[in-house]
Amino acid sequence: MTTNTYLIKEGYENLKKHGSKTFSTMLIICATMLVLGIFMILFTNVNKNVETVKVEQGIQAFIEDTATDADIEYIKDAIKKIDGVGEIRYISKDEAYEDAKNVFKDQEYFLEGLDKVQIFPASYVVKFADIEKADNIKSQIEKIDGIYKVKYNSIFDKNIAMDILDIRKSTKVITY
C-alpha cells in the first residue's frame, strides 16, 4: 500500500511542478486520437461504400421478344465469354412482371390488365468482375444478336463508382 501512496504523491507533485507540460501533452494525445479516429471512420465508410458499389453494380441486357430458348442460351454463352463479366442472372418475363408488382405493391392499379399482356421483356442482369471494364462490357453486349437494349442498373453510376474507388485508393495511401 505504501508504494501506491508514494506513486500517487509523486504524480500529484509532478503535476504541480509541470502542469503546463502535462496539459500540453494530454492535449496533443487527444488531438492525435481525434484525427486518427476521423481517418478510421472515413476509411471504414469508404470501404463500406466500395463493397456496396461492388454488390449493386451491373447492367441489364434486354432480350428481343422473338428470341427462342436456343437464342437465350446463345446470348448467355456470349455474355460469359466477355472479359470482366462476373455473375449473370436470367430474368424471365414472368419474373420481371412479379418484380414490377413488388415495386408497385401500394399502387397496384398501375399494373391492372398487364398480366395478360407480356410487356415486360426477358433480360440478363450482368455483374462486373472488374468495374473499370464496365463500358467495354456494355458495348460488347450491345453487339450480341438478340439483344435490343443494354442499360446500367438504376443504382449503378459508373462515374460515382470510379470516384469511390479513387477515394479508396487515396485513403489507403494516407492510412498506410
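Refer to the structure printed above.
Presented here is a report on the structure given in the accompanying data block. Just so it is clear, the structure is predicted and the values come from calculations on it, not from any experiment.

**A look at the overall build of the chain**
Okay, so step 1: Helices and strands together make up the secondary structure of the chain, namely six helices and four strands.
Okay, so step 2: When the helices and strands of the chain are placed in sequence order, the string is α-α-β-α-β-α-β-α-β-α.
Okay, so step 3: The proportion of buried residues among the 176 residues of the chain is 31%.
Okay, so step 4: Here the analysis covers contacts within the chain between residues at least 6 apart in sequence; of these, 83% occur between residues at least 24 apart.
Okay, so step 5: Summed over its atoms, the accessible surface of the chain is roughly 12,400 Å², and 58% of this surface lies on carbon and sulfur atoms.

**Remarks on the pattern of salt bridges**
Okay, so step 1: For the coordinates displayed, the defined rule picks out three salt bridges.
Okay, so step 2: Of the charged contacts in the structure, one is a salt bridge between aspartate 65 and lysine 93, with a shortest N-O distance of 3.3 Å. Residue aspartate 65 is found in the loop between strand S1 (59-63) and helix H3 (69-80), and its partner lysine 93 is found in helix H4 (residues 93-103); the two are separated by 28 residues along the sequence.
Okay, so step 3: Where lysine 133 meets aspartate 83, a salt bridge forms, and the shortest distance between an N and an O atom there is 2.7 Å. With lysine 133 in the loop between strand S3 (123-128) and helix H5 (134-142) and aspartate 83 in the loop between H3 and strand S2 (85-91), this residue pair connects regions lying 50 residues apart in the sequence.
Okay, so step 4: Judged by relative accessible area, lysine 133 falls into the partly exposed class, the value being 28%.
Okay, so step 5: Given a relative accessible area of 49%, aspartate 83 falls into the partly exposed group.

**Focus on a nonpolar patch on the surface**
Okay, so step 1: Where nonpolar side chains cluster on the molecular surface, the patch consists of Ile29, Met33, Leu36 and Met40 and spans about 400 Å² of accessible area.
Okay, so step 2: Mapped onto the fold, methionine 40 is located in helix H2 (residues 19-56).
Okay, so step 3: Residue class for methionine 40 comes out partly exposed when judged on its relative accessible area of 42%.

**Focus on the packing of aromatic side chains**
Two aromatic rings are characterised by how far apart their centres lie and by the angle between their planes.
Okay, so step 1: Under the definition given, this model contains three aromatic pairs.
Okay, so step 2: Where tyrosine 97 meets phenylalanine 120, the ring centres are 5.8 Å apart and the plane angle is 55°; that geometry is what we call tilted. With tyrosine 97 in helix H4 and phenylalanine 120 in the loop between H4 and S3, this residue pair connects regions lying 23 residues apart in the sequence. The exposure classification of tyrosine 97 matches that of phenylalanine 120, with both residues buried.

**Section: the sheet that holds S1**
Paired through backbone hydrogen bonds, the strands of a sheet run either parallel or antiparallel to each other.
Okay, so step 1: Taken together, four strands build an open sheet; the order of strands is S2-S3-S1-S4 and the sheet is antiparallel. Edge positions in the sheet fall to S2 and strand S4 (147-152), since each of these pairs with one other strand and no more. Taken pair by pair, the neighbouring strands of this sheet meet at an average axis angle of 20°, ignoring direction.
Okay, so step 2: Here S2 runs beside S3; their pairing, made up of five bridges, is antiparallel. Each residue of the ladder has a partner; that of isoleucine 88, found in S3, is valine 126.
Okay, so step 3: Packed on one face of the sheet, H5 meets S1, S2, S3 and S4 and runs near 165° to S4.

Parameters and conventions
Residues numbered from 1 in each chain as written. Predicted model: local features only at pLDDT ≥ 70, side-chain atom pairs only at ≥ 80, totals over all residues. Heavy atoms only, no water. Helix = DSSP H or I, 4+ residues; strand = E, 2+ residues; numbered from the N terminus. Buried < 20%, exposed > 50% of the residue type's maximum accessible area, 1.4 Å probe, protein only. Contact = heavy atoms within 4.5 Å. Areas by Shrake-Rupley, 256 points an atom, 1.4 Å probe, with all protein chains shown as cover. Salt bridge = Lys/Arg side-chain N within 4 Å of Asp/Glu carboxyl O. Patch = residues over 30% accessible without salt bridge, like charges linked within 9 Å, V, L, I, M, F, W, Y side chains within 5 Å. Phe/Tyr/Trp six-rings, centres within 6.5 Å; stacked < 30°, edge-to-face > 60°. Pairing = 2+ DSSP bridges. Axes fitted to C-alpha atoms, helices over the stretch in contact; angles between N-to-C directions.

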